[in-house]
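Overview (structure and organization)
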Amino acid sequence: MTEASRARKHEPRKAPVTAGGKGPTTSAMIASLTAEGYETIHAPFGHALVELARRDERIVGLTADLGKYTDLHVFAEAMPGRFYQMGMAEAVLMSAAAGLAREGFMPFATTYAVFAARRAYDFIAMAIAEENLPVRIVCALPGLTTGYGPSHQATEDLAIFRGLPNLTIVDPCDAVDIAQMVPAIAAHDGPVYCRLLRGRVPVVLTRHKPDYRFELGRAQMIRDGRDVLVIATGLMTMRALDAAVKLAQDGIGVAVLHVPTIKPLDRATILEEAGKCGRLVVTAENHTVVGGLGEAVATTLLTAGVTPAFRMIGLPDAFLEAGALPTLHDMYGISTDRVAAQIRAWL
Amino acid sequence: MTQSHRASSRFNVSLEQRAWSIRRKALLMGEVQGQGYIGQALGIADVLAAAYFHALDYRADDPKWEGRDRFLLSVGHYAIALYAALMEAGILPEEELATYGMDDSRLPMSGMASYTPGMEITGGSLGQGLGIAIGMALGLRRKRSKAFVYNLMSDGELGEGSTWEAAMVAAHHRLGNLICLVDFNNQQADGKSTQMLSAEPVEAKWRAFGWHCQRVDGNDLDAVVGAFDTARAVAEPVPRVIIFDTRMCKGVPFLERREIAHFVRVEADEWVKALSALEEGRPA
């Protein structure tokens, strides 16, 4: 931050005048990511975990004082004897999950993505990943899903974790992905990091593709289009689909390839789709443009000699502002309108 | 049956002799590489002898036996000492001693679970063992196991915040099956631990965190054995810690007298001298 912008931030403000029945915007949307026009499901992660745990005795849940804010409270209430509250102690959260895995249990450890990626990294690296232990780290507030500012915005978690060997990384789009990813990652024999949308989570993918099913490690075409291929992950798949619907009204055909598994990346599908002639390839991620899906796709294309016109949609390489999510998503180019506008401008 | 297995299965060997043999094996490994954390290994040998020949329940021919007491080496660079103990216990063949630290060896210079039978965790990133021990202790309790989890850490690790997170969590979850062993040799990388970041009063700290705490001379075998017995017998379901005050290079007088450092320099010709010096102090 420059001196000038720092000084500007400290200038006094007036409360905004609200008009036309429009309520004030706030930064308090920390719980849910609601999207207009989609049905929502409450706490898909918590409910899916309970269902799985009823069938598998090995499943245990741990959190570092964020059970309520990672939907793990649903599991804690249903199976109190299999839930471990670690308090605000992320290092021991990860180490203890590793110890439980060593004793044959299947731990799901939850916190916010910032705390896992930044604070607990060494414990995840050495106690869990180096040992290839089946610990599932499930983290809320990925990317820009809170207006609280950089302390809570995990804008670089994918960049941090992509460098970690053995770790599988999942960035689900919606309630369908989340509910189906829980048994899928439990069946995977190794450590997994999942970004989590929690609270009321929209049902997106089956609206656009009724027979959609999450498959770990697989990218899937959700819609086809002749002009542009958007390769998207996480909630940006929703934004890409919504933008594609808008652009279709202007006669622009936008295909959307959903990549819920960031690592290992489904290179074959990406190459196959990106290699189809003439389409602009755009990556879209709820993450900094440094070290995330965009760079992973770019590497995949270039090393394979596939070189379509290529653009990236993602968060800037910066600590982001505090504010209301809709404002911030517009400001940083990841709202539906901004996604559509960027694509239109690139054509 | 290997020679080491025969040695390990003899019961008329005193703990003093076990500790001496652990020191000797550590020196032999140090000689292989011409370096190693030999000061720490010589200092902790008595604690390891008491652990592997008095306190721990294990099966030498089945290091993953479900009923075993778990022994975690948080302080990964003490691997040279633990390898010596695992060889003395018959878990590792003594013949592999000559491969210490070499390419393709099962005995890397810092302990890793994936390399070595009997090495429960990958230590070395200090301040991690106690947290892993908590998870294992919780897991064993869920399985209604009678096994204990031991975590060996260094006094330097008392400076890691994660140690104190773990100390709080262990007490909160009333982990009576967890025994933490702290090697207080007052030596860390940059100098004396008490001068780098003093953990004193160390017993008061652990007690304030809700632990049963003992502090004994870690080179007095009777005291060490007594502390293990006491720790195992505590009636309350609280975690237990034993602080062992140890002397670096114990058992090799000319090294004990040397200016002590985290990484004790031993010249090429001194390994043989050190083994001879140890031989002079061989227990009857």
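Cut-offs used in this document
- All residue numbers here refer to positions counted from 1 along the written sequence of the relevant chain.
- The naming scheme follows written order: chains are lettered A onward, ligands numbered 1 onward.
- Given that this is a predicted model, residues contribute local features only at a pLDDT of at least 70 and side-chain atom pairs are listed and counted only at 80 or more, while totals for whole chains, interfaces and linings are drawn from all residues.
- Here the side-chain values reflect all heavy atoms present in the structure, with hydrogen atoms and water set aside.
- Where helices and strands are cited, they refer to DSSP runs of H or I of at least four residues and of E of at least two residues respectively, numbered from the N terminus.
- Our radius of gyration looks at C-alpha atoms and nothing else; its globule reference is 2.2 Å times the residue count to the power 0.38.
- A simple rule labels every residue: compare its accessible area, found with a 1.4 Å probe on the protein chains alone, to the largest value its type can have, and call it buried under 20%, exposed over 50%, or partly exposed in between.
- By definition in these notes, contact holds between two residues if any of their heavy atoms fall within 4.5 Å.
- Per-residue accessibility takes into account occlusion by the displayed protein chains alone, with areas from the Shrake-Rupley method and a 1.4 Å probe.
- By the counting scheme adopted, Arg and Lys are positive, Glu and Asp are negative, and His together with the chain ends is not counted.
- The atoms used to mark charge sites are NZ of Lys, CZ of Arg, CG of Asp and CD of Glu.
- By convention here, the domain bounds are inherited from an automatic or database domain assignment.
- Accessible area that two parts lose when put together, with a 1.4 Å probe and added across both, is what the buried area reports.
- Side-chain classes follow a simple rule in which Ala, Val, Leu, Ile, Met, Phe, Trp, Tyr, Cys and Pro form the nonpolar group, Asp, Glu, Lys and Arg form the charged group, and the remainder, Gly included, forms the polar group.
- Two strands are said to pair when DSSP picks up at least two bridges between them.
- Helix axes are fitted only over the stretch in contact, all axes being lines through C-alpha atoms; the angle between N-to-C directions runs from 0 to 180 degrees.
- By the definition adopted for this analysis, an angle is roughly parallel if under 35 degrees, roughly antiparallel if over 145, roughly perpendicular if from 65 to 115, and oblique otherwise.
- Handedness of a crossing is defined here by the sense of rotation of the near helix relative to the far one, left-handed for an anticlockwise turn of less than a right angle and right-handed for a clockwise turn.
- A pairing counts as a salt bridge when a side-chain nitrogen of Lys or Arg comes within 4 Å of a carboxyl oxygen of Asp or Glu.
- Throughout, nonpolar core names a set of buried Ala, Val, Leu, Ile, Met, Phe, Trp, Tyr and Cys residues whose side chains join them through atoms within 4.5 Å.
- What counts as a ring pair is set by centres within 6.5 Å for rings of Phe, Tyr and Trp (its six-membered ring), and what kind of pair is set by the plane angle: stacked under 30 degrees, edge-to-face over 60, tilted for all other angles.
- In our convention, an over-ring charge means Lys NZ or Arg CZ found within 6 Å of a ring centre and within 35 degrees of that ring's normal.
- Criterion for a disulfide: a pair of cysteine sulfur atoms within 2.5 Å.
- Crossovers are marked right-handed if the path from the first strand over the helix to the second runs clockwise, as seen with the strands pointing away from the viewer.

Quick word on the overall build of chain A
- Within chain A one finds 14 helices and 14 strands.
- A compact globule built from 347 residues should have a C-alpha radius of gyration of about 20 Å, and chain A, at 20 Å, falls within 12% of that.
- Counting only residues that meet the buried cut, chain A has 59% of its 347 residues in that class.
- Considering only contacts in chain A between residues 6 or more positions apart, those separated by 24 or more positions represent 79%.
- Summing over all exposed atoms, chain A offers an accessible surface of approximately 13800 Å²; the carbon and sulfur share of this is 54%.
- Taken together, the 34 basic and 36 acidic charged side chains of chain A have centroids lying 4 Å from each other.

A closer look at the domain arrangement of chain A
Residue and element names in this part refer to chain A.
- Here chain A is described as being made up of domain 1 (40–202) and domain 2 (214–346).
- On a C-alpha basis, the centres of domain 1 and domain 2 stand 25 Å from each other.
- Opposite the 35 residues of domain 1 that make contact, domain 2 presents 32 residues.
- Counting each side, the surface lost to burial between domain 1 and domain 2 is near 2500 Å², with a carbon and sulfur contribution of 62%.
- Mapped onto the side of domain 1 that touches domain 2, the elements with two or more residues apiece are α7 (157–162), β6 (168–170) and α8 (175–187).
- The leading source of residues in the side of domain 1 that touches domain 2 is α8, at five residues.
- A class-by-class count of the residues in the side of domain 1 that touches domain 2 yields 18 nonpolar, 11 polar and six charged.

Topic: the sheet that holds strand β12 (residues 261–263) of chain A
All names here are of chain A.
- Spatially, seven strands are ordered β3-β2-β4-β5-β7-β6-β12 in an open sheet, and the strand pairing comes out mixed. The open sheet is flanked by β3 (83–85) and β12, the only strands paired with a single partner. Within the sheet, the average angular offset between the axes of one strand and its neighbour, ignoring direction, is 20°.
- In this sheet, strand β7 (residues 192–196) lies alongside strand β5 (residues 136–140) in parallel orientation, the contact comprising five bridges. Each residue of the ladder has a partner; that of Ala140, found in β7, is Leu196.

Some details on the packing of helix α10 (residues 235–249) of chain A against helix α14 (residues 336–346) of chain A
Residue and element names in this part refer to chain A.
- Axis separation between α10 and α14 bottoms out at 8 Å; the angle between their running directions is 60°. The angle between α10 and α14 falls in the class oblique. α14 is crossed by α10, and the crossing has right-handed handedness. In this structure, α10 uses Met236, Arg239, Asp242, Ala243, Lys246 and Leu247 to contact α14, whose residues at the interface are Thr336, Asp337, Val339, Ala340, Ile343 and Arg344.
- Of the residues contributing to the contact of α10 with α14, the split by class is six nonpolar, one polar and five charged.

Describing the side chain of Asp266 of chain A
Residue and element names in this part refer to chain A.
- Relative to the elements of secondary structure, Asp266 occurs in the loop between β12 and α11 (267–274).
- For the buried residue Asp266, which engages in no salt bridge, the nearest side chain bearing the opposite charge is Arg218, 5.2 Å off.
- Setting aside residues up to four positions removed in sequence, Asp266 forms contacts with Gly217, Arg218 and Ala219.

Brief notes about the nonpolar core
- Counting residues in each nonpolar core, the largest one holds 93 residues, and the members touching the most others are Ile134, Leu178, Trp206 and Trp211 of chain B.
- Element by element, the count of residues in this core is highest for helix α4 (residues 90–102) of chain A, at nine residues.
- Dropping the residues within four chain positions of it, Trp206 of chain B is found in contact with Leu130, Leu158, Thr163, Trp164, Ala167, Cys180, Val182, Trp211, Cys213, Val241 and Ile243 of chain B.
- Grouped together as the second largest cluster of nonpolar side chains are 68 residues, Tyr52, Leu82, Leu107 and Val266 of chain B included.

With respect to the environment of Gly139 of chain B
- By the secondary structure assignment, Gly139 of chain B is in helix α5 (residues 129–142).
- Setting aside its immediate chain neighbours within four residues, Gly139 of chain B contacts Leu100, Glu103 and Phe105 of chain A.

Observations regarding the environment of Ile38 of chain B
Residues and elements named next belong to chain B.
- Relative to the assigned elements, Ile38 resides in helix α3 (residues 38–55).
- Between the alpha carbons of Ile38 and Gly118 there is a distance of 20 Å; along the sequence they are 80 residues apart.
- Sequence-distant contacts of Ile38, that is, excluding residues within four places in its chain, are made with Ala26, Leu27, Ile80, Val266 and Trp271.

Some words on the sheet that holds strand β9 (residues 220–223) of chain A
Residues and elements named next belong to chain A.
- Taken in spatial order, the five strands of this open sheet run β9-β11-β10-β13-β14, and their pairing is mixed. The open sheet terminates on both sides in strands that have one partner only, identified here as β9 and β14 (310–315). This sheet shows a mean twist of 25° between the axes of neighbouring strands, independent of strand direction.
- Judged from the five bridges that link them, strand β10 (residues 228–232) and strand β11 (residues 254–258) form a sheet pairing that is parallel. Following the sheet pairing, Val230 is matched in β11 by Val256.
- This element, α10, spans β9, β10, β11, β13 (280–288) and β14 of the sheet and lies at about 165° to β11.
- Set on the sheet, α14 makes contact with β10, β13 and β14; between it and β14 the angle comes to about 160°.

Let's talk about the packing of aromatic side chains
- Counted under the stated rule, the structure contains 13 aromatic pairs over all chains.
- Look at Tyr112 of chain A and Phe115 of chain A: their rings are 5.9 Å apart centre to centre, the planes differ by 25°, and that puts the pair in the stacked class. The burial state of Tyr112 of chain A is the same as that of Phe115 of chain A; both residues are buried.
- Clustering of aromatic rings is evident, with ring pairs tying together Phe148, Tyr150, Phe228 and Phe244 of chain B.
- Positioned above the aromatic ring of Phe184 of chain B is the side chain of Arg215 of chain B, whose terminal nitrogen or guanidinium carbon lies 4.7 Å from the ring centre.

Some words on the state of the cysteines
- Scanning the entire structure with this criterion turns up zero disulfides over all chains.
- Free cysteine Cys139 of chain A: the closest other cysteine sulfur is in Cys194 of chain A, separated by 8.5 Å.

Examining the pairing of strand β2 (residues 149–154) of chain B
All names here are of chain B.
- Within β2, six of the six residues are buried, which leaves it mostly tucked inside the rest of the structure.
- In this structure, strand β1 (residues 70–73) lies alongside β2, joined through four bridges in parallel fashion. In the strand pairing of β2, Leu73 is matched with Leu152.
- Inspection of the sheet shows β2 paired to strand β3 (residues 178–184) by six bridges, in the parallel sense. When the sheet's bridge partners are listed, Tyr150 is paired in β3 with Ile179.
- As for the winding sense of the linkage, the β-α-β connection from β2 through helix α6 (residues 161–172) to β3 is right-handed.

Some remarks on the pattern of salt bridges
- All told, the structure shown has 33 salt bridges over all chains when counted by the stated rule.
- With a closest N to O distance of 2.8 Å, Glu103 of chain A and Arg70 of chain B form a salt bridge. Placement of the pair is Glu103 of chain A in the loop between α4 and β4 (106–112) and Arg70 of chain B in strand β1, with the two residues belonging to separate chains.
- The class for Glu103 of chain A is buried, based on a relative accessible area of 5%.
- Taken together, the shared-partner salt bridges in this structure form one network comprising Glu103 of chain A together with Glu66, Arg70 and Lys143 of chain B.

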